[in-house]
Amino acid sequence: MTTKIKSFDDLKSIQERLKAGRDPKNPCITICVGTGCLAYGTQKLVDNFREELAKRNLADKIGFRTTGCHGFCERGPMVIIAPEKVFYQRVGLSDAGEIIDKTLLKGEIVDRLLYVDPATGEKVVHEDDVPFYKKQTRLVFGLNSKVDPESMEDYLAIGGYSALGKALTGMKPEAIIQEVIKANLRGRGGGGFPAGWKWDSTRKANGDPKYIICNADEGDPGAYMDRSLLEGNPHLVLEGMIIGAFAIGSSEGYIYARNEYPLAIKNITLAIKQAREAGLLGENILGTGFSFDVKINRGGGAFVCGESSALFASLEGRAGEPRAKYIHATDKGLYDKPTNLNNVETWANVPFIIERGADWYTSIGTEGSKGTKIFSLVGKINNTGLVEVPMGTTLREIVFDIGGGIPGGKKFKAIQTGGPSGGCIPEKYLDMGVDFDELTKIGSMMGSGGMIVMDEDNCMVDVAKYFTNFLVNESCGKCVPCREGVRRMRDILLDITEGKGREGDGELLEKMASAIIDGSLCALGNSAPNPVLSTIRYFRDEYRAHIEEKRCPSGVCKALITYSVDAEKCTGCMVCSKVCPTGAASGEDKKVHTIDPEKCTKCGACRESCKFDSIIVR
Amino acid sequence: MINLTIDNKKIEAEAGQVILEVARENGIVIPTLCSNEALEPSGACRMCVVEVKHGKRTRVVTSCLYPVAEGLIVDTKSARVMEVRRLVLQLLLARCPESVQLKEMAEEMGINPEQRFTPDTDNSKCILCRMCVRTCEKVVGVSAIGFSYRGSEKSVGTPFKKDSVTCIGCGACAYVCPSGHIEMETTESGDARKIWGRTFKMKACKVCGRYFAPEDQLTYISEKTGVPAEDLAVCISCR
Amino acid sequence: MEEKVKEIIQYYQGDKSYLVPILQDVQKEFNYLPKDALCAVSTHLSVPISRVYEVVTFYKAFSLKPKGRYQLSLCLGTACHVRGAELIAGNITSLLGIKEGETTSDLEFSFETVGCLGACALGPVLVVNGEYHGHMNIAKSTKILKKLGKKGATDDDQD
């Protein structure tokens, strides 16, 4: 796409032309090549398809599109055949020939590649009928399946950049801001701050230039929504940013992306190049006189750089240490200039709000939380992946109806939301709807959207220790309460998990927690105690067992558990004795084995290798 | 003029001032560990926290950085504030159990060490108040020392922990260090001093013959100001 | 080495704000960040060496020591953690005889744990020189090391 788009009318006619050239009734093969699916080896499948199509001289007749993440990551590699939207999952890397011959040429289904609904045992043929997708509202994320992220034409063909045209030619900046305020778009990065107000403050601030920033530093472990948006539909995010820049009066923008996201960085870099060539970035956009351009900057591997003031420091070429925010970034942010920072998903919502209006947007969601939210549903869950639901959808619906429940028939124990700054939510709140304020009330938070599901085999004290340890490693080290306080909390948790917990440890942790929350310099520190606090609040009995009884009820904390062999189940197959690194597990052929507790290092190799479930860990 | 209340006392301040400044001007004592008149506030130690109420919102903030505002109500000794100060001192005492200054401060404030915090054994007296680095960067302008690593691994020193070629031996960092962590040794005759692992030859005053500054420091000043090094070789007393 | 550093700095137009990307490119070029390269960055970018050192040690992406021929990254993100990744980490460190973040003395293997790779459906995940290996477990990690030629990573007890 190298011709400049000179005006909104020009844009409309280009969109029309592109749309007309793509007959939705034409057969088309779509394959997800997001990072997750690439990790399954999907590139080989893509090559396989190209080869097989070429062999049969079908490359001109059958459409072929690689796209970003579709969300059903558990079932990759995935192939969807339009127009019927036949849904093939867990496709073999050399299945291309069979799929082309059977489905595309003969209209037959390759049965073994169909999704089987575990609830009914029935095979599902069409994508829209797959329970995982059926119960979602894939407003923003759904576009991923329709575009090849490397093709700007694809984005234009589905009406992309119409919102930009409307905003730049038909709305005043103040009106755009009012629309976003009316829509009550709250920050999707974790803070939940109303984006419209932030835009308004930045617009009204004194200082020049004004900067807008896209925070793509997605650091919460287990959360990868932003990556998938940036990988799969970079133009959507760009469009949101350009609209925002116009509304705020900014001509310079930055996208700060995590170093660990090479594909996302590659795709957004290409999208920016394409947008520049089309005149949608740069001088005189759509002939309106508005100029704006964007640069990409990479992070260096620091969770704290997801915090806005630390992010600014990193952009300025310094260590990512936050600073006090008594003076808001909207007044003095990057280089001490008025700066508006928003998360990737927040920017992605903007074109929808402008195109369809705030009234429509507010019809989705709850009183305090409007629109949809993309969550990454991971951990002990059958349908691992990215899900998008309207705000207010209950946790139960997400975990069981969409997520398919817990693998192995295990019992749900907790769901962790908000990343290391959030809290663990127990079973009794499963019927709570996801909502910024409701989640905060019960000691957690929406966060960026990570949802980690835990079952009866997870130890909540271990989980608290894990998050606290994560934060110890990620603390910038500037202020005392976080640097020293969170470290001491971690040390106490370590003691507890090693059977060295002392009476009063729970109370001490709670006391330290409030001083750390009050005294820390930034949001990393003042939310660091949340995992500990929420697990103490809802799983106090586990703490008691560890501290008073020196026992780990879930069988996780190494110092408190013993590995032994269940004599009833052991068949004497000798597999465990072969994998045991210390010789602790031993026995004769076809005779019940034993584990010597003196030699056992609790590495877990025997439990992993035993096919008869005869290793007991208690 | 801005009207605010600190500890129930009505106070007038100028726009642009911070709470700590105004409190000091009015004889209200707020403890600090990382504050220095010559340096921009850093907000790192959190000792100077106060509880502020503006409208309906109450927050715990550092008085060294929080700007005064009309109608602000400040409490310098609220329960939340005292708990933060207690934790900060207890944490620092555990970090630097040898520090005399910290022990004195804790005693003054009636704070006892927290037994559950196992004292660190690396013999460091550094509380990471950042004054040395800030001084070297902003006052001296050399940036010979800096921070490295992060979190509890964070430490102050010369790059690569090796001798710094940019250090001019001025000793400003040692002077400003509140805990005696930075060591500077001077020979008996005063003809040399050692700091950050490097030995600096001292210059003798042209007039009185007393050793007063490192040669490297005078060279640096000469380069920066254009004044010939020879003209700088006079100590303060003889000027 | 100095020429290469100057080239990289020129690509970013000598803009000090691009210190982090500059260091990333330098590290890519030399497989780690040699002290001389950092001094060259300091000189040609006009940034005090103390600040360059601060940035290099602050961010996890940077390494002051050469990396191994095989760079192993194990995801210890929350999803992988709850699926037992810690036990795999224990296996790898014990087989390689090094701690997390270190490189074997023969410069064959570097092992690090990372926050989250975002491939949670495949968790636990081990990345070897950019190649993702999903559904990792203790036995598989041993197999991979054996395949890469790690002596001692055999199925036998003897070595």
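Each chain has its residues counted from 1, running along the sequence as written. Chain A is the first chain written and ligand 1 is the first ligand written, with later ones labelled in order. Given that the model is predicted, a residue must reach a pLDDT of at least 70 before its local features are reported, and side-chain atom pairs must reach 80 or more before they are shown or counted; all residues, however, enter totals for whole chains, interfaces and linings. Excluding hydrogens and water, the side-chain values take into account all heavy atoms of the structure.

1. A closer look at the sheet that holds strand 4 (residues 57–62) of chain B
All names here are of chain B. Filter applied, for reference: We call two strands paired when DSSP finds no fewer than two bridges between them. Numbering goes from the N terminus for both helices and strands, where a helix is a DSSP run of H or I of at least four residues and a strand is a run of E of at least two. Here an axis means a line fitted to C-alpha atoms, over the contact stretch when the element is a helix, while the angle between two N-to-C directions is reported on a 0 to 180 degree scale. By definition, residues are in contact when any of their heavy atoms lie within 4.5 Å.
The mixed open sheet is built from 5 strands, whose spatial order is 2-1-5-3-4. The outermost strands of the open sheet, each flanked by one partner alone, are strand 2 (9–13) and strand 4. Each neighbouring strand pair of the sheet contributes to a mean axis angle of 30°, computed without reference to strand direction. Sheet contacts for helix 2 (residues 79–95): strand 3 (49–54), strand 4 and strand 5 (73–75); angle to strand 3, the most-contacted strand, approximately 155°.

2. Brief notes about the interface of chain B and chain C
Interfaces are often sized by the accessible area lost when the parts come together. Put simply, the rule is: Defined here as a combined quantity, buried area equals the accessible surface (1.4 Å probe) lost by two parts on assembly, summed across both. Definition used for salt bridges: Asp or Glu carboxyl oxygen within 4 Å of a side-chain nitrogen of Lys or Arg. Polar contact is the term for a pair of N or O atoms within 3.5 Å; when the atoms are in protein, one must be able to donate a hydrogen and the other to accept it, and sequence-neighboring residues count only if both atoms are side-chain atoms. When residues are sorted by character, Ala, Val, Leu, Ile, Met, Phe, Trp, Tyr, Cys and Pro go into the nonpolar class, Asp, Glu, Lys and Arg into the charged class, and all the rest, Gly among them, into the polar class.
Residue-level contacts link 14 residues of chain B with 12 residues of chain C. With both chains or domains summed, chain B and chain C bury close to 1,200 Å², and 67% of this area falls on carbon and sulfur atoms. The tally of links from chain B across to chain C stands at 0 salt bridges. At the junction of chain B and chain C, the tally comes to 3 residue pairs in polar contact (both at pLDDT 80 or more). Looking at the side of chain B that touches chain C residue by residue, the class counts come to 6 nonpolar, 4 polar and 4 charged.

3. Some points on the interface of chain A and chain C
At the junction of the two partners, chain A supplies 55 residues and chain C supplies 40 residues. A combined buried area of about 3,600 Å² lies between chain A and chain C, and 54% of that area is made up of carbon and sulfur atoms. A per-residue breakdown of the area chain A buries against chain C is headed by Arg298(A), Tyr466(A) and Glu608(A), which together make up 16% of the total. Inspection of the chain A/chain C interface yields 1 salt bridge. Among the salt bridges present, the one from Asp25(C) reaches Arg298(A), with a minimum N-O distance of 3.8 Å. For the interface between chain A and chain C, the tally reads 22 residue pairs in polar contact (both at pLDDT 80 or more). Breaking the side of chain A that touches chain C down by element, the ones donating at least two residues are helix 2 (35–39), strand 9 (293–298), helix 13 (308–315), strand 11 (372–379), strand 15 (450–455), helix 18 (460–474) and helix 25 (605–609) of chain A. With 4 residues, the top contributor of residues to the side of chain A that touches chain C is strand 9 of chain A. Per-class residue counts for the side of chain A that touches chain C are 25 nonpolar, 15 polar and 15 charged.

4. Here's the deal with the side chain of Arg483(A)
Note the cut-off: Throughout, exposure labels follow a simple rule: accessible area from a 1.4 Å probe, protein chains only, divided by the maximum for the residue type, with under 20% read as buried, over 50% as exposed, and the rest as partly exposed.
By the secondary structure assignment, Arg483(A) is in helix 19 (residues 480–497). Overall, the relative accessible area of 2% leaves Arg483(A) in the buried class. Aside from chain neighbours lying at most four places away, what touches Arg483(A) is Ser475(A), Gly477(A), Lys478(A), Leu92(B), Arg95(B), Ile127(B), Leu128(B), Gly151(B) and Ser152(B).

5. Let's talk about the pairing of strand 7 (residues 211–216) of chain A
Residue and element names in this part refer to chain A. A large share of strand 7 lies buried, amounting to 6 of its 6 residues. The pairing of strand 7 with strand 8 (residues 252–257) spans 6 bridges and is classified as parallel. Directly across from Asn 215, in strand 8, lies its bridge partner Tyr 256. In terms of strand pairing, strand 7 meets strand 10 (residues 339–343) through 5 bridges, oriented parallel.

6. Quick look at the sheet that holds strand 2 (residues 109–114) of chain C
Residue and element names in this part refer to chain C. Strand order in this open sheet of 4 strands is 2-1-3-4, and the pairing throughout is mixed. The open sheet is flanked by strand 2 and strand 4 (131–133), the only strands paired with a single partner. With direction set aside, neighbouring strand axes in the sheet form an average angle of 20°. Examined bridge by bridge, strand 1 (residues 70–75) and strand 2 share 6 bridges and lie parallel to one another.

7. A few points about helix 22 (residues 530–538) of chain A
Residue and element names in this part refer to chain A. A large share of helix 22 lies buried, amounting to 7 of its 9 residues. What helix 22 keeps buried is the set Asn 530, Pro 531, Val 532, Ser 534, Thr 535, Ile 536 and Tyr 538. Check the buried side of helix 22 and you find it contacts strand 14 (423–426), helix 18, helix 19, helix 20 (505–519), helix 21 (523–527) and helix 23 (540–548).

8. Points about the nonpolar core
All names here are of chain A. Cut-off, in case you're wondering: Here, the term nonpolar core denotes a set of buried Ala, Val, Leu, Ile, Met, Phe, Trp, Tyr and Cys residues that are joined through side-chain atoms within 4.5 Å.
If you look at the biggest cluster of nonpolar residues, it comprises 155 residues, and the most contacted ones within it are Tyr 161, Ile 176, Trp 199, Leu 238, Leu 280, Ile 285 and Phe 292. For this core, the element with the highest residue contribution is helix 11 (residues 234–248), accounting for 10 residues. Sequence-distant contacts of Trp 199, that is, excluding residues within four places in its chain, are made with Ile 176, Ile 177, Val 180, Gly 244, Ala 247, Ile 248, Asn 340, Asn 342, Trp 347 and Val 350. Counting residues in each nonpolar core, the second largest holds 115 residues, with Ala 319, Ala 515, Tyr 543 and Val 617 among its members.

9. A look at the domain arrangement of chain A
Residues and elements named next belong to chain A. Operational definition: Domain ranges listed in this record stem from an automatic or a database domain assignment.
Each assigned domain of chain A is listed with its residue range as follows: domain 1 (18–130), domain 2 (160–361), domain 3 (372–455), domain 4 (460–547) and domain 5 (562–617). Each of domain 3 and domain 4 was reduced to a C-alpha centroid, and the two centroids are 22 Å apart. In this assembly, 16 residues from domain 3 lie in contact with 14 residues from domain 4. Between domain 3 and domain 4 lies a buried interface of about 1,200 Å² when both sides are counted; carbon and sulfur atoms form 64% of it. For domain 3, the biggest contributors to the area lost against domain 4 are Lys 413, Pro 420 and Cys 424; these three give 43% of the whole. Here Lys 413 and Glu 542 are joined by a salt bridge, their closest N and O atoms 2.7 Å apart. Between the two partners, domain 3 and domain 4, sit 5 residue pairs in polar contact (both at pLDDT 80 or more). When residues of the side of domain 3 that touches domain 4 are traced back to their parent elements, those giving at least two are strand 13 (412–417) and strand 14. Residues that form the side of domain 3 that touches domain 4 fall into these classes: 7 nonpolar, 6 polar and 3 charged.

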